[in-house]
Amino acid sequence: VPSRYEPFGIAVLEAWACGKPVVVTKAGGPHEIVLHGKDGLKVNAEASNIAWGLREVLNNRQRGNRMGKRGLERCKEFSWDVICARTEAVYRELFSAEEGVLSRVGAGREGTERRA
């Protein structure tokens, strides 16, 4: 994904879903999800570095196929079911923490109500 700025990397997930290795630049979001040498390659955003990454994947098909297979497995981490479950877990954690804070604050106020 030769991009100067890519917030997440849908193109990476699309490639992985097809079992393909990826070459991403170290800008934006894709470099945060790609594991260099495992499911893709990370390169600097210069044309010569991008060309090197593409040559690496194309000249060594066996390595490229291995990275593509690993990418296909990693792609499952970003399914809507998984994302939904992770988001729900964050909300549950926040709400339980908030309830704990509110109950402690409420406990300290017992008997302190203003009476007219």
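Further up the page is the structure itself.
1. Here's the deal with the packing of helix α1 (residues 10-17) against helix α4 (residues 61-75)
Interaxial distance between α1 and α4 falls to 7 Å at its minimum, and their mutual angle equals 115°. As the angle between them shows, α1 and α4 are arranged roughly perpendicular. The handedness of the crossing between α1 and α4 is left-handed. Judged by residue contacts, L13, W16 and A17 of α1 engage G68, G71, L72, R74 and C75 from α4. In terms of residue class, the contact of α1 with α4 is made up of five nonpolar, two polar and one charged.

2. Examining the environment of L41
Following the sequence through the fold, L41 ends up in strand β2 (residues 40-43). Of the residues examined, L41 reaches a relative accessible area of 0% and is grouped as buried. Between the C-alpha atom of L41 and that of K26, which follows or precedes it by 15 residues, the distance is 9.8 Å. What L41 contacts, discounting residues up to four positions off in sequence, is V22, V23, V24, V34, H36, W52, G53, E56, V57, R63 and M67.

3. Observations concerning α4
With 15 residues, α4 should reach 21 Å at 1.5 Å per residue; the first-to-last C-alpha distance of 20 Å fits that figure. The complete set of buried residues in α4 reads G64, M67, G68, G71, R74 and C75. When α4 is viewed along its axis, its buried side chains cluster within an angular range of 120° and face the same direction. Opposite its buried face, α4 presents the exposed residues Q62 and K69, each directed more than 90 degrees away. At its buried positions, α4 is contacted by α1, α2 (30-33), β2 and α3 (47-59).

4. Some remarks on the pattern of salt bridges
Inspection of every chain in the model, using the stated rule, returns five salt bridges. Between R74 and D39 there is a salt bridge whose closest N-O contact spans 2.7 Å. Taken together, the positions of R74 in helix α4 and D39 in the loop between α2 and β2 put the pair 35 residues apart, joining distant regions of the chain. When sorted by exposure, R74 lands in the same class as D39, which is buried. As a salt-bridge pair, E73 and K76 come within 3.2 Å of each other at their nearest N and O atoms. Judged by its relative accessible area of 48%, E73 is partly exposed. Three or more residues are tied together by salt bridges with common partners; here these are D39, R74 and E77.

5. Structural notes on the environment of W52
Mapped onto the secondary structure, W52 falls in helix α3. Sequence spacing of W52 and L41 is 11 residues, and the spatial spacing of their C-alpha atoms is 9.9 Å. Ignoring any residue separated from it by four or fewer positions in sequence, one finds W52 in contact with L41 and V43.

Conventions used here
- Per chain, residue numbering runs from 1 following the sequence as it is written.
- The predicted origin of the model limits local features to residues at a pLDDT of at least 70 and limits the giving and counting of side-chain atom pairs to 80 or more, whereas totals for whole chains, interfaces and linings rest on all residues.
- By convention in this description, side-chain values take in all heavy atoms of the structure and omit both hydrogens and water.
- Helix axes use the C-alpha atoms of the stretch in contact, all axes being lines fitted to C-alpha atoms, and the angles between their N-to-C directions lie in the range 0 to 180 degrees.
- Secondary structure elements are defined from DSSP: runs of H or I of at least 4 residues count as helices, runs of E of at least 2 residues count as strands, and each element is numbered from the N terminus.
- Here the word oblique covers every angle except those under 35 degrees (roughly parallel), over 145 (roughly antiparallel) and from 65 to 115 (roughly perpendicular).
- The crossing is said to be left-handed when, going from far helix to near helix, the turn is anticlockwise and less than a right angle, and right-handed when the turn is clockwise.
- Contact definition: two residues touch when any of their heavy atoms are within 4.5 Å.
- Polar here means any residue outside two lists: the nonpolar Ala, Val, Leu, Ile, Met, Phe, Trp, Tyr, Cys and Pro, and the charged Asp, Glu, Lys and Arg; Gly therefore counts as polar.
- The buried label goes to any residue with under 20% of its type's maximum accessible area, the exposed label to any with over 50%, and the partly exposed label to all in between, with areas taken from a 1.4 Å probe on protein chains only.
- By definition here, a helix of n residues has an expected span of 1.5 Å times n minus one.
- Starting at the helix axis, one direction is taken to each C-beta atom, and the arc is that of these directions.
- Salt bridges are defined as contacts in which a side-chain nitrogen from Lys or Arg sits within 4 Å of a carboxyl oxygen from Asp or Glu.

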